[in-house]
Amino acid sequence: GRITPWKGQIKLLNAFIKYSKINSDAYLFLVGSPLFDNDKYYQKIKGIISKNGLDERVIVPGYRSDLCAIFSAMDIFLYPSLEKDTSPLALLSAIASGLPVGVSNIASLAEIVDKCNQIDTFNPTKLDEMSALMKKYENDEIRKKSGMLNREAGIKYFDISIHGQKMQ
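Residues numbered from 1 in each chain as written. Predicted model: local features only at pLDDT ≥ 70, side-chain atom pairs only at ≥ 80, totals over all residues. Heavy atoms only, no water.

In this section: the packing of aromatic side chains. Taken as a whole and judged by the stated rule, the model has 3 aromatic pairs. For the ring pair Phe 77 and Tyr 79, a centre distance of 6.1 Å and an interplane angle of 15° mean the geometry is stacked. Since its relative accessible area comes to 10%, Phe 77 is described here as buried. For Tyr 79, a relative accessible area of 7% translates into the label buried. Connected via pairs of aromatic rings, a cluster forms that spans Phe 71, Phe 77 and Tyr 79. (Phe/Tyr/Trp six-rings, centres within 6.5 Å; stacked < 30°, edge-to-face > 60°. Buried < 20%, exposed > 50% of the residue type's maximum accessible area, 1.4 Å probe, protein only.)

The next point concerns the sheet that holds strand β5 (residues 120–122). As summarised here, the arrangement of the 3 strands in space is β3-β4-β5, forming an open sheet in which the pairing is parallel. Strands at the two margins of the open sheet, each flanked by one partner only, are β3 (77–79) and β5. Strand-to-strand twist in this sheet, taken as the mean axis angle between neighbours without regard to direction, amounts to 20°. The sheet contact formed by β3 and strand β4 (residues 101–104) spans 3 bridges and is parallel. Each bridged residue has a counterpart across the sheet, and for Leu 78 the counterpart in β4 is Gly 102. (Pairing = 2+ DSSP bridges. Helix = DSSP H or I, 4+ residues; strand = E, 2+ residues; numbered from the N terminus. Axes fitted to C-alpha atoms, helices over the stretch in contact; angles between N-to-C directions.)

One pass over the structure, following the stated rule, counts 8 salt bridges. Between Lys 136 and Asp 120 there is a salt bridge, with its nearest N and O atoms 3.1 Å apart. In this pair, Lys 136 sits in helix α6 (residues 127–136) while Asp 120 sits in strand β5, placing the two residues 16 residues apart along the sequence. Residue classification places Lys 136 among the partly exposed positions, given a relative accessible area of 32%. Because the salt bridges share partners, they merge into one network encompassing Asp 75, Asp 140 and Arg 143. (Salt bridge = Lys/Arg side-chain N within 4 Å of Asp/Glu carboxyl O.)

With respect to the helices and strands, the residue Ser 146 is situated in helix α7 (residues 140–158). For Ser 146, a relative accessible area of 0% gives the class buried. Here Ser 146 is in contact with Pro 100, Gln 118 and Tyr 137, once residues within four sequence places are set aside. (Contact = heavy atoms within 4.5 Å.)

Moving on, we get to helix α4 (residues 89–96). Among the residues of α4, those classed as buried are Leu 91, Leu 92, Ala 94 and Ile 95. Along the long axis of α4, the arc covered by the buried residues comes to 160°, so they all point the same way. Lining the buried residues of α4 we find α3 (67–72), β3, β4, α5 (110–115) and α7. (Arc of directions from axis to C-beta.)

Bear in mind that shape data such as this cannot, by itself, settle questions of function.
Shown next as structure tokens:
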């Protein structure tokens, strides 16, 4: 999707900076591009990455349409939106792909969280909450169980073929 201030990528990056100090094996993907915005915010993100010496550990591959390949390299998907964001496709795709998921506690994501009990929520202005989720999902058992439950809920509530059948 888009790298833009209201999506909260700087908040996620700052939480990762904190977390990266306790887990030297951790990497962060920031997928997307400035698309419709100018790239001032994007350049700010790139500057923060460099300033913290994380050029090798924060991967910014730009806009991608091969989300399955990106998701297969992830242990957790965090969605730090700061403002209204209804039915984001990247989030729904991450759920359906069987990833553990954490989302900001904004009202517009509540419907998704209500359907997927396994999703963790966090206040996107509290970096410790995001860092704690990164730490939580280091545990293989927790990560696999959460991902499996998210995948089941994703198929049940968001699979387009199921919705098509219901409409018929």
